[in-house]
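# Understanding the architecture of this molecule
Residues per chain, in single letters:
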Amino acid sequence: MRNNSFKEHIICNVITLNRSAFPAAQGEHLHQKMSENGALPLRGKVLTVDTMNANVKKVDYAVRGPIVQRAVQIEKELKEGVKKPFEEVIKANIGDAHAMGQRPITFFRQVMALCTYPQLLDDNKFPEDAKNRARRILQSCGGNSIGAYTTSQGIDCVRHDVANYIQRRDGGIPSDPDNIYLTTGASDGIVTILKLLTAGEGRTRTGVMISIPQYPLYSASIAELGAVQINYYLNEEKCWSLDISELQRSLQAAREHCDPRVLCIINPGNPTGQVQSRQCIEDVIRFAVKENLFLMADEVYQDNVYAEGCEFHSFKKVLFEMGPEYSSKVELASFHSTSKCYMGECGFRGGYMEVINMDPEVKAQLTKLVSVRLCPPAPGQALMDLVVNSPQPGEPSYQTFIKERTDVLSALAEKAKLTEEILNTVPGISCNPVQGAMYSFPRITLPERAINEAKAKGQAPDMFYCMKLLEETGICLVPGSGFGQREGTYHFRMTILPPTDKLKIMLNKLKEFHQKFTQQYS
Amino acid sequence: YCKRKHKDKKTLTLDTLNPQVKAVEYAVRGPIVIKAGEIERYLEEGGTKPFSEVIKANIGDAHAMGQKPITFLRQVVALCTFPELMDSPSFPEDAKRRARRILQGCGGHSLGSYSASPGVECIRKDIAAYIEQRDEGVPSDWENIYLTTGASDGIMTILRLLVSGKDSSRTGVMIPIPQYPLYSAAISEMDAVQVNYYLDEDNCWALDINELHRSYQAAKQHCQPRVICIINPGNPTGQVQSKKCIEEVLHFAYEENLFVMSDEVYQDNVYAPDCQFHSFKKVLYEMGPEYFNSVELVSFHSTSKGYTGECGFRGGYMEVINMDPEVKAQLVKLLSVRLCPPLAGQAAMDVIVNPPQPEEHTFKQFHQEKSSVLGALAEKAKLTEKILNAVPGIKCNPVQGAMYAFPRIFIPPKAVEEAKALGMQPDMLYCLRLLEETGICVVPGSGFGQKDGTYHFRMTILPSIEKLKVLLGKVRDFHIGFLKEYSGLE
């Protein structure tokens, strides 16, 4: 109840003035001044950091965290004419290809435009194969409009196309459209599955095994859901590979205080960029069976494989090739997205997940849960359809499509190599091969003095480093502490997305900065 | 070792599943809709039923029921999607201008980039300008605007912030009964405490301040009521609250220190000539600075309803008033984990708040399309109320706004007993029978909440007027038949 002191009563009568004479905005200002001066008792807010959801407070997401906020501020300052030692901020913090100048795939945008504005079906500037796909998608939509809600699992024909794509990709291993759920980006699917899995209390609370380093969606979701984060360390000396003995160690330790139920793996890796070997994937599957773990395979970078000798092996394919003893048992959810690969359509929030061997009653619960949010965005669903049902040889759009696709992927491969090369010429920086995905995650050696100064400021040493880098060069990266790393090691994650010339400039600036920084703090 | 014993048992079963997920229910796409889907497939495969098609009057999906998109909106979004169309003479200059503006606000000038997590800046500014105009000058700060993935996304995000405490200090969320079951579902999932306040059916579903007090006092015994949710215009009930009523609610929230969530997605769907939409924010402002500067309020809007009906784009926004700045920072952090709402939806929202103006070339067609949609809805609202009220045993309050009718139905005691014997709600039994006999899919009132011993169903007014007449006629015939069957007078 509001505190009705006499003093407050008087003051309120003074403040409540005629609206036309004293607009509320000014009233607010006066009110604030009076309260700042202790002239009236502060009315407590309902929602404060003390009364809010405690789990939300624990959430961190470095990819758009404090360093990015500072970068945005600096961009504003530059716009306002403030002088800096650089002309622009380079946002190499986030896997957003189009923002860094990558072009969309023409065919995809044509079909999307046709779906959005079907009057264009009469426009002869659009190729027939694009029109056919648009018609097919629209026919599967309520009222033939992408403005209708779709079924909660996603547009029927799209799920069929996704299943067909998976089947082709995996050498014929069947995929059931009923096991496909379209999602609002892969993040949506990942959070949904984690929600299903989080249960128990205290020692029986769900433990979620995640790689360190990891993509911080996982740690953020675990924090918000109040699940238990279980770290397993990737082996930096062995190109970030997965070590079964490390999985075992991590699991054993975790069993003391929680109920480990799920193992998450990102392949190709983010931030680390490694492409796991087939053997490794088999080992992980065996481990999951042995320890009764639900497997979550984040495969959004499946088309981003650059290194010679590396190949994407889908968890599902490996699982089924291991025979029925495994393929009938392992509960697996695999995730894909329209945001990465060669299309880079982040803004459309398209994605899907395939669920394998899910208990039918749980599946019904999953369907129920996603129904509350009605459906994923229909344009994103349409886009996913094109990703899994792209122009084929013989179709009018094929030549252009394949050229655009190849250009993007080869540019990425070139930049992956370039990044690794240049960074490895810097004394104090060591960069594992960028085998896939779109990031490099080099290890940086920081002088003792810098580490101490950072700690005195209450900052992670690599955050300290990245902040200085931003202020001096305009380059925005994400400190390794945002992803997790072995104690006493420091890293940063940068994307390989800027255009090649800009990337070269950026890498050389980085090189200069690192040498200067090392000297400065020696 | 002990894991090996359970090798045949799945890791994730109904027993090990998150119990909060199990508690969730969402009737709008629940069991009856699943059944309707099964019947549709049966018909597709050549099966015979006493009807030739299923009419899905369960969900507020205008396009699915034949409503056309607004041409201008689709032109702008198409231009944003495929900017090569800027060279096409078949697109009006007004549309191109808006598309250019939106694209300039996007990374790499592409709809395929992530936007800032609160949304594209120029769109946020356009929304703030729209709100200021709508509220006749009440200032709106664009930094208080957050784009969302449909209104549902915003509503859930705010509830997530608010849910805290344990046992008797666990957050209580006051919701109207009947309500749109996103609220009850979210409350279940987050394990908050649902606090029901009953709308007054005899008074056209008005909000009764005494009922708010009663509900609050009762709830205080076992939880910490922290937030009150209002849907205006109402879903499923369709009432448009009076200004006085809104003032009373805000005063109540002020007195009892409650965070206010006003779900205003149907703000453009007002049909009754004696009704008017009053935004919570505007009313709050008019109550004076003491209220306007202190009541914590979030209002929600969406691209799914109104006259555009763009459900599939998942567009929406929320305006956050008087939120503690530290909490706001937490909100932004939370939103950043999911990166951003879909850009196509953001673009659609921009067109809604920045439509063709009278001086623009595209205004004529735009205005005509908009009036046509809203005029049809108003006509169908009236028709529905009229026809249903002519049925003995059905009583329908005026459909003042939104897109649904929520008539009260008399269910004979024998039918109530049969339902209970079957372990289902009486209105579920009714609706299942209706579905099986006529192909009409509506949602039982139990899915939204209702006073004990009363029964309702929610149907949309979205089918075309011809189809709606047929639908209502079939409902009438069914109801009369149902009464006869269970009247006990053989």
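As the structure is a prediction and not an experimental result, all values here were calculated from the model. (Residues numbered from 1 in each chain as written. Chains lettered and ligands numbered in written order. Predicted model: local features only at pLDDT ≥ 70, side-chain atom pairs only at ≥ 80, totals over all residues. Heavy atoms only, no water.)

Moving on, we get to the overall build of chain B. Counting its secondary structure elements, chain B contains 18 helices and 14 strands. Whereas a compact globule of 490 residues would reach a radius of gyration of roughly 23 Å, chain B reaches 24 Å, a difference of no more than 12%. Counting only C-alpha atoms, chain B reaches 70 × 65 × 55 Å along its principal axes. Counting across all 490 residues of chain B, residues that qualify as buried make up 65%. Pairs at least 24 residues apart make up 70% of the contacts formed inside chain B by residues separated by at least 6 positions. (Helix = DSSP H or I, 4+ residues; strand = E, 2+ residues; numbered from the N terminus. Rg over C-alpha atoms; globule rule 2.2 N^0.38 Å. Buried < 20%, exposed > 50% of the residue type's maximum accessible area, 1.4 Å probe, protein only. Contact = heavy atoms within 4.5 Å.)

Residue and element names in this part refer to chain B. With 98% of its residues at a pLDDT of 70 or more, chain B shows a mean pLDDT of 96. Confidence drops under pLDDT 50 across residues 1–5; counting only partners more than four residues distant or on other chains, this segment forms five contacts. As a predicted assembly, this complex carries a pTM of 0.94 together with an ipTM value of 0.96. (pLDDT = per-residue confidence, 0-100.)

Another aspect to go through is the nonpolar core. In terms of nonpolar packing, the biggest core is built from 352 residues, with Ile-193 of chain A together with Ile-158 and Ile-228 of chain B touching the most fellow members. For this core, the two domains that each supply at least three residues are domain 1 (19–66 + 367–486) and domain 2 (114–353) of chain B. Setting aside residues no more than four positions away along its own chain, Ile-228 of chain B makes contact with Met-174, Tyr-197, Leu-212, Val-249, Phe-252, Ala-253, Leu-258, Phe-259, Val-260 and Met-261 of chain B. (Core = buried A, V, L, I, M, F, W, Y, C linked by side-chain atoms within 4.5 Å. Domains from an automatic or database assignment.)

Let us now look at the sheet that holds strand S8 (residues 350–356) of chain A. Strand pairing in a sheet relies on backbone hydrogen bonds, with the paired strands running either antiparallel or parallel. Residues and elements named next belong to chain A. Ordered in space as S2-S8-S7-S6-S5-S3-S4, the seven strands form an open sheet in which the pairing is mixed. Looking along the sheet, the strands with just one partner apiece sit at the ends: strand S2 (180–184) and strand S4 (228–233). Adjacent strand axes in the sheet meet at a mean angle of 25 degrees when their direction is disregarded. Relative to S4, strand S3 (residues 206–212) is paired through six bridges, and the arrangement is parallel. Each bridged residue has a counterpart across the sheet, and for Gly-207 the counterpart in S4 is Val-228. Across the face of the sheet, helix H14 (residues 360–371) comes into contact with S2 and S8 while running at roughly 30 degrees to S2. (Pairing = 2+ DSSP bridges. Axes fitted to C-alpha atoms, helices over the stretch in contact; angles between N-to-C directions.)

Moving on to H14 of chain A. Turn by turn, an α-helix covers 3.6 residues, leaving residues three or four places apart pointing in a common direction. The terminal C-alpha atoms of H14 of chain A, which comprises 12 residues, lie 17 Å apart, in line with the 16 Å expected from a rise of 1.5 Å per residue. The set of residues buried in H14 of chain A consists of Val-362, Lys-363, Gln-365, Leu-366, Lys-368, Leu-369, Val-370 and Ser-371 of chain A. Buried residues in H14 of chain A make contact with S2, helix H8 (185–197) and S8 of chain A together with helix H2 (19–23) and helix H8 (182–190) of chain B. Sitting at the amino-terminal end of H14 of chain A is Asp-359 of chain A, which places a side-chain oxygen 2.7 Å from the backbone nitrogen of Glu-361 of chain A. (Expected span 1.5 Å × (residues − 1). Polar contact = N/O pair within 3.5 Å; in protein donor to acceptor, adjacent residues only side chain to side chain.)

Quick look at the interface of chain B and chain A now. Chain B puts 100 residues into the contact, and the matching count from chain A is 103 residues. Summed over both partners, the interface of chain B with chain A buries about 9,000 Å², with 58% contributed by carbon and sulfur atoms. Across the pair Glu-224 of chain A and Arg-160 of chain B runs a salt bridge, and its minimum N-O distance is 2.6 Å. Summed over the shared surface of chain B and chain A, the number is 52 residue pairs in polar contact (both at pLDDT 80 or more). Of the residues assigned to the side of chain B that touches chain A, the class counts are 45 nonpolar, 29 polar and 26 charged. (Buried area = accessible area lost by both parts, 1.4 Å probe. Salt bridge = Lys/Arg side-chain N within 4 Å of Asp/Glu carboxyl O. Nonpolar A, V, L, I, M, F, W, Y, C, P; charged D, E, K, R; others polar.)

A few words now on the UniProt feature "domain: Aminotransferase class I/classII large" (unreviewed entry) in chain A. Under the local residue numbering, the UniProt record ascribes the feature "domain: Aminotransferase class I/classII large" (unreviewed entry) to residues 110–508 of chain A. Overall, residues 110–508 of chain A shows 43% helix and 15% strand. The separation of its end C-alpha atoms is 38 Å. (UniProt positions renumbered as here; feature names shortened; annotations may be inferred.)

All names here are of chain A. Counting through the fold element by element, Val-289 comes out in helix H11 (residues 278–290). Among the residues examined, Val-289 registers a relative accessible area of 15% and is labelled buried. Along the chain, Val-289 and Ser-440 lie 151 residues apart, while their C-alpha atoms are 32 Å from each other. If we skip the residues at most four places from it in the chain, Val-289 touches Tyr-326 and Val-330.

Next up on the list: unusual backbone geometry. Outside of glycine, negative phi angles account for most residues, and trans bonds account for most peptide bonds. Residues Asn-270 of chain A and Pro-271 of chain A are joined by a peptide bond in cis, for which omega reads 10 degrees. Tracing the chain through its elements places Pro-271 of chain A in the loop between strand S5 (259–266) and H11. Across the junction of Asn-235 of chain B and Pro-236 of chain B, the peptide omega takes the value 10 degrees, indicating a cis bond. Along the chain, Pro-236 of chain B turns up in the loop between strand S5 (224–231) and helix H10 (243–256). Unusually for a residue other than glycine, Trp-205 of chain B sits at a positive phi of about 65 degrees.

All names here are of chain B. What the domain assignment lists for chain B is domain 1 (19–66 + 367–486) and domain 2 (114–353). On a C-alpha basis, the centroid separation for the pair domain 1 and domain 2 is 27 Å. Counting from both sides, the interface comprises 36 residues of domain 1 and, opposite them, 38 residues of domain 2. Summed over both sides, the interface of domain 1 with domain 2 buries roughly 3,000 Å², with 58% coming from carbon and sulfur. The interface formed by domain 1 and domain 2 contains one salt bridge. Of the charged contacts in the structure, one is a salt bridge between Glu-201 and Arg-408, with a shortest N-O distance of 4.0 Å. Of all the elements in the fold, those that place two or more residues in the side of domain 1 that touches domain 2 are H2, helix H15 (363–389) and strand S10 (404–405).

This next bit is on the environment of Arg-449 of chain A. All names here are of chain A. For Arg-449, the position within the fold is in helix H17 (residues 448–456). The class for Arg-449 is partly exposed, based on a relative accessible area of 46%. Between the alpha carbons of Arg-449 and Tyr-521 there is a distance of 5.6 Å; along the sequence they are 72 residues apart. Residues within four places of Arg-449 in sequence aside, it is in contact with Gln-520, Tyr-521 and Ser-522.

This part takes up the UniProt feature "domain: Aminotransferase class I/classII large" (unreviewed entry) in chain B. As recorded in UniProt, the sites labelled "domain: Aminotransferase class I/classII large" (unreviewed entry) are residues 108–473 of chain B. Split by type, residues 108–473 of chain B is 42% helix and 15% strand. Its first and last C-alpha atoms lie 55 Å apart.

What follows concerns the pattern of salt bridges. The tally for this structure, following the rule as stated, stands at 53 salt bridges over all chains. Glu-189 of chain B is the salt-bridge partner of Lys-195 of chain A, the closest N and O atoms lying 2.8 Å from each other. Note that Lys-195 of chain A is positioned in helix H8 and Glu-189 of chain B in helix H8, a pairing that runs across two chains. Each member of the pair, Lys-195 of chain A together with Glu-189 of chain B, is buried. The salt bridge involving Asp-135 of chain B is made with Arg-134 of chain B; its shortest N-O contact spans 2.8 Å. Counted as one network, the salt bridges with shared partners bring together Arg-278, Glu-282, Asp-283, Arg-286, Lys-317 and Glu-321 of chain A.

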